[in-house]
Amino acid sequence: MSSADYSKGAAWQGGRYVPIAEASVPLTDWGFLRSDAAYDVVTVWDGAFFRLDLHLERFLRSCRKFRLDPGRTPQEIVEILSQCVKLAGLRSAYVEMLVTRGQPPWGSRDPRQAVNQFRAFAVPYVWIANEEQRQHGLHVQVSKVQRIPPASVDPTAKNYHWNDMTMGLLDALDAGADTVVLSDAQGNVVEGPGFNIFAVRGGRLVTPAEGVLEGITRRTVVEIAGTLGVPVDVRALPAEELRTADEAFLSSSGGGVLPVTIVDGRRIGNGEPGAITRRVLQMYWDWHYEPRYSVPVRY
Ligand code: PLP
């Protein structure tokens, strides 16, 4: 019986489970040297995976787009993710699966010769906004940094090309905002570090169509809006329309629906999370207890 301490999280790598602090990527893996990897994050809430099927499908799609091979069936991946959650003893968790390119034989620069490496880990649930921000809304800055164009790095394949987001985030934090949303070359907002964005205008939801990761939370919000009878426009969202929205919120597996109350120093609505935002947020959490969306972890 192993005495390993999994209390801070558990990872799977190289065919075995290790405490999260012992998990690592070799220095020469292109996943590290070139951000050459695909990943996905699914959450566990109150003992059950939320929309696990959609996360697995997106993960395998991301891998195919980047010509990466996880080398495992979806069932094998689920088994590994479940075991990580179980070892860490987590009722609510942030569960990541990833494939790195690996490294081609020494002297070769041909990525086809690399052996791709699958890893996974489970750590305590990650909120991308703190309690105060969730209660009263986030202050968002629209960045001057342009999001990497989709023709360069496909944003629909979940990836680690985050330099644009990190530089934008640093500027936003320096300016006193809580987070950042990036725009495309036309001045339409697209997404931010770990989230999609929604504006509410005239009783309708608007979320960017192009240049974004098709978030599972974004999809869930669109489905919730359907249930609530709130129309959704999936189209370009000019930054000015976000600044002058009636309500705004972020969507992310890292916290669900997160109200935004200030954009570029300007108050959104009355400066408190809006009525539609609150209804969507409530239903997002209610849906975690719907059997059709949840897969219980076998502890
Ligand atoms: N956009 C980016 C760039 C992300 O990294 C993420 C999540 O990490 C999202 C959007 C939101 O996706 P999801 O709702 O599937 O978590």
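None of the values given here were measured: they were computed from a predicted structure.

Considerations on the packing of helix 6 (residues 216–228) against helix 8 (residues 275–286)
Across the interface, helix 6 lies against helix 8 with an axial gap of 10 Å and an inter-helix angle of 110 degrees. Classified by the interaxial angle, the pair formed by helix 6 and helix 8 is roughly perpendicular. Note on packing geometry: the crossing formed by helix 6 with helix 8 is right-handed. For the pair helix 6 and helix 8, contact is made by Thr 217, Thr 220, Val 221, Ile 224, Thr 227 and Leu 228 and by Arg 279, Val 280, Met 283 and Tyr 284, respectively. A per-class count over the contact of helix 6 with helix 8 returns six nonpolar, three polar and one charged.

Here we look at helix 3 (residues 74–88)
Its 15 residues place the ends of helix 3 21 Å apart at the C-alpha level, agreeing with the 21 Å of an ideal helix rising 1.5 Å per residue. Turning to helix 3, its buried residues number three or more, namely Ile 77, Ile 80, Leu 81, Ser 82, Cys 84, Val 85 and Ala 88. Gly 89 occupies a position one or two residues after helix 3 and carries a positive phi of about 65 degrees.

Concerning the nonpolar core
One finds Phe 49, Leu 81, Val 95 and Phe 118 to be the most contacted residues of the largest nonpolar core, which totals 31 residues. Only strand 1 (10–13), strand 3 (37–45), helix 2 (52–65), helix 3, strand 5 (93–100) and strand 6 (117–124) provide two or more residues apiece to this core. Counting 20 residues, the second-largest nonpolar core is a separate cluster that includes Val 189, Phe 195, Ala 199 and Ala 245.

As for the state of the cysteines
Using the criterion set out here, one finds zero disulfides in the structure. Unpaired in this structure, Cys 84 has its nearest cysteine sulfur neighbour in Cys 63, at a distance of 16 Å.

Some details on the sheet that holds strand 1
Judged by pairing direction, the sheet is antiparallel, and its seven strands sit side by side in the order 2-1-6-5-3-4-18 without closing on themselves. Single-partner strands in this sheet number two, and they are strand 2 (16–19) and strand 18 (294–296). Put simply, the sheet's adjacent strands are angled 25 degrees from each other on average, direction ignored. Bridge count between strand 5 and strand 6: eight bridges; the pairing is antiparallel. By the bridge assignment, Thr 100 is partnered in strand 6 with Gln 117. Sitting on the sheet, helix 2 touches strand 3, strand 4 (48–50), strand 5, strand 6 and strand 18, and the angle it makes with strand 3 is about 175 degrees.

With respect to the pairing of strand 15 (residues 247–252)
Along strand 15, six of the six residues are buried, which leaves the element largely enclosed by surrounding structure. Neither face of strand 15 is open: one carries Glu 247, Phe 249 and Ser 251, the other Ala 248, Leu 250 and Ser 252, and all of them are buried. Note that strand 11 (residues 195–201) and strand 15 share five bridges and pair antiparallel. Across the sheet, Ile 197 pairs through a bridge with Leu 250, a residue of strand 15. Between strand 15 and the antiparallel strand that follows it, strand 16 (residues 256–263), lie three residues; Gly 255 among them carries a positive phi value of about 130 degrees.

Describing the site of the ligand
Neighbouring residues of the ligand: 17 residues in total, closest Lys 158, Glu 191, Ile 216, Thr 217 and Ser 253. At 2.8 Å, a backbone N or O of Ile 216 approaches an oxygen atom of the ligand. Protein chains bury 93% of the 390 Å² of accessible surface belonging to the ligand in isolation. Breaking the shell around the ligand down by element, the ones donating at least two residues are strand 10 (191–192), strand 11, helix 6 and strand 15.

Overview of the packing of aromatic side chains
Going through the model one piece at a time under the given rule, you end up with 15 aromatic pairs. Aromatic pair Trp 12 and Tyr 17: ring centres 6.5 Å apart, planes at 75 degrees, arrangement edge-to-face. For the pair Tyr 39 and Tyr 160, a centre-to-centre distance of 4.3 Å together with 15 degrees between the ring planes defines the contact as stacked. Taken as a pair, Tyr 39 in strand 3 and Tyr 160 in the loop between strand 7 (138–146) and helix 5 (163–174) lie far apart in primary sequence, 121 residues in all. By relative accessible area, Tyr 160 is classed as partly exposed at 29%. We note Arg 34 situated over the ring of Trp 30; from NZ or CZ to the ring centre the distance is 4.0 Å.

What counts and how
Residues numbered from 1 in each chain as written. Predicted model: local features only at pLDDT ≥ 70, side-chain atom pairs only at ≥ 80, totals over all residues. Heavy atoms only, no water. Axes fitted to C-alpha atoms, helices over the stretch in contact; angles between N-to-C directions. Helix = DSSP H or I, 4+ residues; strand = E, 2+ residues; numbered from the N terminus. Parallel < 35°, antiparallel > 145°, perpendicular 65-115°, else oblique. Left-handed = near helix turned anticlockwise from the far one by under 90°. Contact = heavy atoms within 4.5 Å. Nonpolar A, V, L, I, M, F, W, Y, C, P; charged D, E, K, R; others polar. Expected span 1.5 Å × (residues − 1). Buried < 20%, exposed > 50% of the residue type's maximum accessible area, 1.4 Å probe, protein only. Core = buried A, V, L, I, M, F, W, Y, C linked by side-chain atoms within 4.5 Å. Disulfide = S-S within 2.5 Å. Pairing = 2+ DSSP bridges. Near = heavy atom within 4 Å. Polar contact = N/O pair within 3.5 Å; in protein donor to acceptor, adjacent residues only side chain to side chain. Areas by Shrake-Rupley, 256 points an atom, 1.4 Å probe, with all protein chains shown as cover. Phe/Tyr/Trp six-rings, centres within 6.5 Å; stacked < 30°, edge-to-face > 60°. Lys NZ or Arg CZ within 6 Å of the ring centre and 35° of its normal.

All quantities given are derived from atomic positions and should not be read as evidence of function.
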